[in-house]
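# Observations on chain architecture
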Amino acid sequence: MPWARARAVAATAAALGTERVPLSSAAGRILAAPVRALAASPAFDTAAMDGYAVAGCGPWRIAGRVLAGRPGWAGTLAPGVAVEIGTGAIVPDTAEAVLPYEVCRVDGDTVSGAREVKDHIRRAGEDARPGDELVPAGRTATAAVLGAAAQAGIDELTVHRRPAVAVLVTGDEVVTRGVPGPGQVRDALSPIVAALVERAGGGPLAHEYLRDDARLLRSAIDSADADVVVVTGSSSAGAADHLTSVLAELGARWLVNGVRCRPGHPQVLAVTAAGRWVVGLPGNPFAGLVAGLTLLEPLVAALAASPLPAPATLPVVGAARPYPDGVRLAPVELGAGPARIVPGARSGSLRAAAIADGLAVLGPRWVTGGRAAVLALP
Ligand SMILES: Nc1nc2c(c(=O)[nH]1)N[C@H]1C(S)=C(S)[C@@H](COP(=O)(O)OP(=O)(O)OC[C@H]3O[C@@H](n4cnc5c(N)ncnc54)[C@H](O)[C@@H]3O)O[C@H]1N2
Ligand code: MOO
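For the protein chain, an unreviewed UniProt entry supplies the name Molybdopterin molybdenumtransferase and the organism Phytohabitans maris. Recorded under Catalytic activity (unreviewed entry), the UniProt text for the protein chain is reproduced unchanged: "adenylyl-molybdopterin + molybdate = Mo-molybdopterin + AMP + H(+)". The UniProt entry for the protein chain carries the following comment under Pathway (unreviewed entry): "Cofactor biosynthesis; molybdopterin biosynthesis."

In structure tokens:
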């Protein structure tokens, strides 16, 4: 399947259900319903300045003091009367303005001063009224969204559920810590999968390490407590690569089985008969990164209803050999001017990608200086 088509297919997954979460754990979540104000904001006429709330013409007799968080002034403020007031305090009913201290002269229990153009009173409901839509569905719960929701009296938000992801790292040779011994490799794919899932709005994430064994792989996929199962390694044609046969046993429907790109062509997207998504990433680490950006990130973003940023299109310079039957993904550095290819990319090595900012998607007719889509690396 062509690379762009594979990415688009992964992005067609329907968003998962919704849930209510407290504001304290809603940061970064995608709103599944608009945020509507429960309370007016401000909830009462309130002073915008520290000074004196006055009624009628001055000078005014100072009758008392009201501060934020304290009960408002009992009764009405008669013309010629003032109360000292703090920012955020309830403004007495008939007060016409707040005079900031800076424009006031106080003499004993009398205050005088010129009224300003602004009355320095924030009126009840001038910012929002109960029921007002503050933020539409589909937006990310940013810090300001959470603050606005709190200001509007809200304790919980309705957000899209995050897809839970189980990562099955296969390979008898794979070790999880330290310097690998003879015939061994360190697992380089788990950190990549974790970063992509996080960026796409997925989680929580669980890891399991599996020997190359079809039965183990089948039962791990079948029993995973996850919406998405990522299988690393096992995607190709070798005697220890069991994903294809296991998916067949699980009655899977293949959406993508091989992508016309280099590296990373042996990648798989399927849904098991039980409705679980399975993404197969090639074991070669740079190929796995490419496949992660091709299938895993768009899939998780779609399930999470999280917006997937469109890649930038930039001129790309440097040396890379286009792949005649599809696209080549080349690590690039970004800065002022064109994207520059980092030389030395190889399927089994992340060295070039590790100093790159993005992956350029080079078409078969690309020549240095030609434009290409550039995916940001996580
Ligand atoms: N006869 C064929 N052989 C291969 C083909 C093919 O089309 N026909 N494709 C090659 C390509 S391209 C790739 S990519 C790999 C994909 O292999 P698998 O996904 O089946 O993965 P493995 O064979 O298990 O491993 C490949 C390579 O990657 C290392 N590896 C595996 N897991 C990890 C990990 N978590 N972290 C770091 N490195 C890992 C593994 O040791 C191997 O060196 O197949 C080619 N063969
Ligand atoms: O996925 Mo392989 O190159 O394409 O290493």
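Right, picking up where we left off after that structure.
## Notes on the overall build of the protein chain
Along the protein chain, the regular secondary structure elements total 7 helices and 26 strands. Taken against the 2.2 N^0.38 rule, which gives 21 Å for 378 residues, the C-alpha radius of gyration of the protein chain at 31 Å runs more than 25% over that of a compact globule. Along the three orthogonal principal directions, the C-alpha set of the protein chain runs to about 95 × 50 × 40 Å. For the protein chain, the computed accessible surface area is about 17,900 Å², with 53% contributed by carbon and sulfur atoms.

## So, the domain arrangement of the protein chain
What the domain assignment reports for the protein chain is domain 1 (3-15 + 162-303), domain 2 (27-41 + 129-160), domain 3 (46-122) and domain 4 (312-376). Here the C-alpha centre of domain 3 lies 67 Å away from the C-alpha centre of domain 1.

## Observations concerning the layout of surface pockets
As a volume, the largest pocket reaches approximately 480 Å³. Taken together, 28 residues make up the lining of the largest pocket; nearest its centre are E173, G233, P282, G283 and N284. Of all the elements in the fold, those that place two or more residues in the lining of the largest pocket are β13 (165-170), β15 (185-186) and α6 (285-303). Among the residues making up the lining of the largest pocket, the classes are represented as 11 nonpolar, 12 polar and 5 charged. One number sums up the size of the second largest pocket: a volume of about 220 Å³. Lining the second largest pocket are 16 residues, with A320, R328, L329, A345 and R346 sitting closest to its centre. The dominant element in the lining of the second largest pocket, judged by the number of residues it contributes, is strand β23 (residues 327-333), at 4 residues. For the lining of the second largest pocket, the residue count by class is 11 nonpolar, 2 polar and 3 charged.

## Focus: the UniProt feature "domain: MoaB/Mog" (unreviewed entry) in the protein chain
Mapped onto this numbering, the UniProt entry annotates "domain: MoaB/Mog" (unreviewed entry) at residues 166-302. Secondary structure content for residues 166-302 is 34% helix and 26% strand, and the end C-alpha separation is 17 Å.

## Concerning the packing of helix α1 (residues 3-10) against α6
For any two helices packed against each other, the geometry is given by the interaxial angle and the distance between the axes. Remark: α1 packs on α6, axes separated minimally by 7 Å, with the N-to-C direction vectors making an angle of 25°. With respect to α6, the element α1 is oriented roughly parallel. Where α1 crosses over α6, the two elements pack in a sense that is right-handed. For the pair α1 and α6, the contacting residues are W3, A6, R7 and A10 in the first and L293, T294, L295, E297, P298, L299 and A302 in the second.

## What to know about the pattern of salt bridges
Per the counting criterion, the structure on display carries 10 salt bridges. As a salt-bridge pair, E133 and R36 come within 3.8 Å of each other at their nearest N and O atoms. Here E133 is found in strand β11 (residues 133-135), whereas its partner R36 is found in strand β2 (residues 35-36), with 97 residues between them in sequence. One network of salt bridges, with partners in common, ties together D45, D119 and R123.

## Looking at α6
If you look at α6, its biggest bend is around 45°, right at G292. For α6, a buried count of 19 out of 19 residues is recorded, marking the element as mostly surrounded by other parts of the structure. Downstream of α6 by a residue or two, A305 has a phi angle that is positive, lying close to 55°.

## Regarding the sheet that holds strand β16 (residues 205-210)
The strand order β16-β13-β17-β21-β20-β18 describes an open sheet built from 6 strands, whose pairing is mixed. What marks the edges here is a single partner per strand, and that holds for β16 and β18 (253-257). Recorded for the sheet is a direction-independent mean angle of 15° between the axes of neighbouring strands. By the bridge criterion, 5 bridges tie strand β17 (residues 228-232) to strand β21 (residues 277-281) in an arrangement that is parallel. Within β21, the residue paired with V228 across the bridge is W277.

Calculation notes
- Residues numbered from 1 in each chain as written.
- Chains lettered and ligands numbered in written order.
- Predicted model: local features only at pLDDT ≥ 70, side-chain atom pairs only at ≥ 80, totals over all residues.
- Heavy atoms only, no water.
- UniProt positions renumbered as here; feature names shortened; annotations may be inferred.
- Helix = DSSP H or I, 4+ residues; strand = E, 2+ residues; numbered from the N terminus.
- Rg over C-alpha atoms; globule rule 2.2 N^0.38 Å.
- Areas by Shrake-Rupley, 256 points an atom, 1.4 Å probe, with all protein chains shown as cover.
- Domains from an automatic or database assignment.
- 1 Å grid on protein atoms, 1.4 Å probe; cavity = no way out; pocket = protein on both sides within 12 Å on 5 of 7 lines; lining within 4 Å.
- Points joined across faces, edges and corners; volume = space filled by probe spheres on them.
- Nonpolar A, V, L, I, M, F, W, Y, C, P; charged D, E, K, R; others polar.
- Axes fitted to C-alpha atoms, helices over the stretch in contact; angles between N-to-C directions.
- Parallel < 35°, antiparallel > 145°, perpendicular 65-115°, else oblique.
- Left-handed = near helix turned anticlockwise from the far one by under 90°.
- Contact = heavy atoms within 4.5 Å.
- Salt bridge = Lys/Arg side-chain N within 4 Å of Asp/Glu carboxyl O.
- Bend = angle between axes of the 7 residues up to and from the residue.
- Buried < 20%, exposed > 50% of the residue type's maximum accessible area, 1.4 Å probe, protein only.
- Pairing = 2+ DSSP bridges.

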